[in-house]
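# Residue-level structural notes
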Amino acid sequence: MNKLRVVFYARVSTDEDDQLHSFTAQKDYFQDYITRNKDMIFIRGYADEGISGVSTKKRVEFLRMIEDARLGKFDLILTKEVSRFARNTVDTLSYTRELSRLNIGVIFTNDGIDTRHKDGELRLTIMASLAQDESRKTSERVNWAVQRNYENGVAHGSMPYGYRRNANKEIVIYEPEALVVKKVFNLYIQGLGCRRIVNELRDDPTTKAQAEQWSFSKITNMIKNFKYCGDLVQGLSYTEDFLTKTRKKQTDNDKIVYIKDHHAPIITREIFELAQQERIKRSRMKDRK
């Protein structure tokens, strides 16, 4: 009898201390599993590191495994849990059904599910639904924690040009870049357009290196950023769907958090407000054309 060609799929942690779900640990686990089954032969393992199980779109190794399945490179997939395979019920069922059509089974060793068995899909549907619901709850907990962080003044996201985070995660001014920011705002309120400002920075030997790759949109975003006058505005967008990770503009003003004088400003409030008046004026002139 020909032996089943077996692969395994693992979604492993990026935490070096998390040995339980490391690639090496799972490889040893599955090779031992295969050794104990004389009708199996190990082919290879596929592993994605530190990527959410909610969607398969960004899981390179998972998608490579599916493509290899279509090419007939193996007969059976081993994975520990449904939640490691996918936390999206639709993805779980669509891929396992496609694999079944290719005469490839999936065994979820910890969950005791084998898609080759008659009750496999029913049990898989239940487990996949539970895994998806756990992801939903996790997403809600994360969103709740993020909102509390907003209210407590904890800055999320990357820092804009001119700022850094210190060891205490506070927003602090980075002077070499702050000088450029001041120049941008001054040129803007003097009437120079964003493209002209970029050219000015590139022509100036003191700012040329920093502005070489800049675009006019960088200037536009800089002018609109409240952080430069010391204020922190967060919660302007939110994740609408935990499965697709789609973000939408926040329309509930109660969830937008505005903290005045949150950190040291690079631009005085007077200059910042003049820049906003100039920006609005230019926008109205553009609309009239």
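Just so it is clear, the structure is predicted and the values come from calculations on it, not from any experiment.

## Quick word on the pairing of strand 4 (residues 105-108)
Each regular strand displays side chains that alternate between the two surfaces of the sheet. Here strand 4 shows two buried faces, one formed by Gly105 and Ile107 and the other by Val106 and Phe108. The pairing of strand 3 (residues 76-79) with strand 4 spans 4 bridges and is classified as parallel. Opposite Leu76, over in strand 4, you have Gly105 as the bridge partner. Two elements, strand 4 and strand 5 (residues 113-114), share 2 bridges in a ladder whose sense is antiparallel. Across the sheet, Phe108 pairs through a bridge with Ile113, a residue of strand 5.

## Re the confidence of the model for the protein chain
For the protein chain, the average pLDDT comes to 83, and 88% of its residues sit at 70 or higher. Low pLDDT, under 50, characterises residues 16-20; the predicted model gives this stretch 5 contacts beyond four residues in sequence or across chains.

## Some points on the packing of aromatic side chains
All told, the structure shown has 14 aromatic pairs when counted by the stated rule. A centroid spacing of 5.0 Å and a plane angle of 20° characterise the contact between Phe8 and Phe30, whose relative ring orientation is stacked. Of this pair, Phe8 sits in strand 1 (residues 4-12) while Phe30 sits in helix 1 (residues 23-35), and the two are 22 residues apart along the sequence. Judged on exposure class, the residue Phe8 and its partner Phe30 are both buried.

## Considering a nonpolar patch on the surface
Residues Leu122, Ile126 and Leu130 make up a contiguous nonpolar surface patch of roughly 320 Å² in combined accessible area. With respect to the secondary-structure elements, Leu122 resides in helix 5 (residues 120-151).

## What to know about unusual backbone geometry
Even without being glycine, Asn103 reaches a positive phi, approximately 60°. Inspection of the secondary structure puts Asn103 in the loop between helix 4 (89-101) and strand 4. A relative accessible area of 68% places Asn103 in the exposed class. Positioned with a positive phi, Lys169 is a non-glycine residue whose angle comes to about 65°. You can see Lys169 is positioned in the loop between strand 6 (163-165) and strand 7 (171-173).

## Here's the deal with the side chain of Lys227
Positionally, Lys227 belongs in the loop between helix 9 (216-224) and strand 8 (232-234). Summary of buried charges: Lys227 has no salt-bridge partner, and the nearest side chain of opposite charge, Asp231, is 11 Å away. Filtering out sequence-adjacent residues up to four positions away, Lys227 remains in contact with Met159, Pro160, Tyr163, Ile171, Leu232 and His263.

## Here we look at the sheet that holds strand 3
Read from one edge to the other, the open sheet built from 5 strands follows the order 2-1-3-4-5, with strand pairing classed as mixed. In this open sheet, the two strands that pair with only one neighbour each are strand 2 (40-49) and strand 5. Across 3 bridges, strand 1 lies against strand 3 in parallel orientation. Looking across to strand 3, one finds that Val7 is bridged to Ile77. Seen against the sheet, helix 1 touches strand 1, strand 2, strand 3 and strand 4 and runs at an angle of roughly 155° to strand 1. Sheet strands in contact with helix 2 (residues 60-70) are strand 1, strand 2 and strand 3, and its direction is about 145° off that of strand 2.

## Let's talk about helix 4
Compared with the 18 Å implied by 1.5 Å per residue over 13 residues, the 18 Å span of helix 4 between its first and last C-alpha is a close match. Inspection of helix 4 places Thr89, Asp91, Thr92, Leu93, Tyr95, Thr96, Glu98 and Leu99 among the buried residues, and these make up the whole buried set. Taken from the residues just after helix 4, Asn103 is the one with a positive phi, measuring 60°.

## Re helix 7 (residues 194-203)
Buried residues of helix 7: Cys194, Ile197, Val198 and Leu201, and no others. Angularly, the buried residues of helix 7 cover 100° about the axis, an arc narrow enough to put them on a single face. With respect to the buried face of helix 7, the exposed residues turned more than 90 degrees away are Arg195 and Asp203.

Thresholds, definitions, all that
- Just so you know, the residues in each chain are numbered from 1, in the order the chain's sequence is written.
- Under the rules for a predicted model, residues below a pLDDT of 70 receive no local features and side-chain atom pairs below 80 are neither given nor counted, while totals for whole chains, interfaces and linings still include all residues.
- Think of the side-chain values as coming from all heavy atoms in the structure, minus any hydrogens and water.
- Only protein chains enter the accessibility calculation, which uses a 1.4 Å probe. A residue is then buried if its area is under 20% of the maximum for its type, exposed if over 50%, and partly exposed in between.
- Secondary structure elements are defined from DSSP: runs of H or I of at least 4 residues count as helices, runs of E of at least 2 residues count as strands, and each element is numbered from the N terminus.
- Strand pairing is assigned whenever DSSP identifies at least 2 bridges connecting the two strands.
- A score from 0 to 100, pLDDT tells how confident the predictor is in each residue.
- The contact definition used throughout considers only heavy atoms, calling two residues in contact when any of these lie within 4.5 Å.
- Note on ring pairs: Phe, Tyr and Trp rings are taken, using the six-membered ring of Trp, and paired if centres are within 6.5 Å. Classes follow the plane angle, with under 30 degrees stacked, over 60 edge-to-face and the rest tilted.
- Grouping into patches uses exposed residues only, defined as over 30% relative accessible area, and leaves out salt-bridged ones; the cut-off is 9 Å for like charges and 5 Å for nonpolar side chains (Val, Leu, Ile, Met, Phe, Trp, Tyr).
- The protein chains shown are the only cover counted for residues, whose accessible areas, like all others here, come from Shrake-Rupley with a 1.4 Å probe.
- Between Lys or Arg on one side and Asp or Glu on the other, a salt bridge is scored when a side-chain nitrogen of the former is within 4 Å of a carboxyl oxygen of the latter.
- Counted as positive: Lys and Arg. Counted as negative: Asp and Glu, with His and the chain ends omitted from the count.
- Axes, fitted as lines to C-alpha atoms, cover a helix only where it is in contact. Angles between the N-to-C directions of the axes lie from 0 to 180 degrees.
- What a helix is expected to span follows from its residue count: subtract one and scale by 1.5 Å.
- The directions from the helix axis to the C-beta atoms are what the arc is built from.

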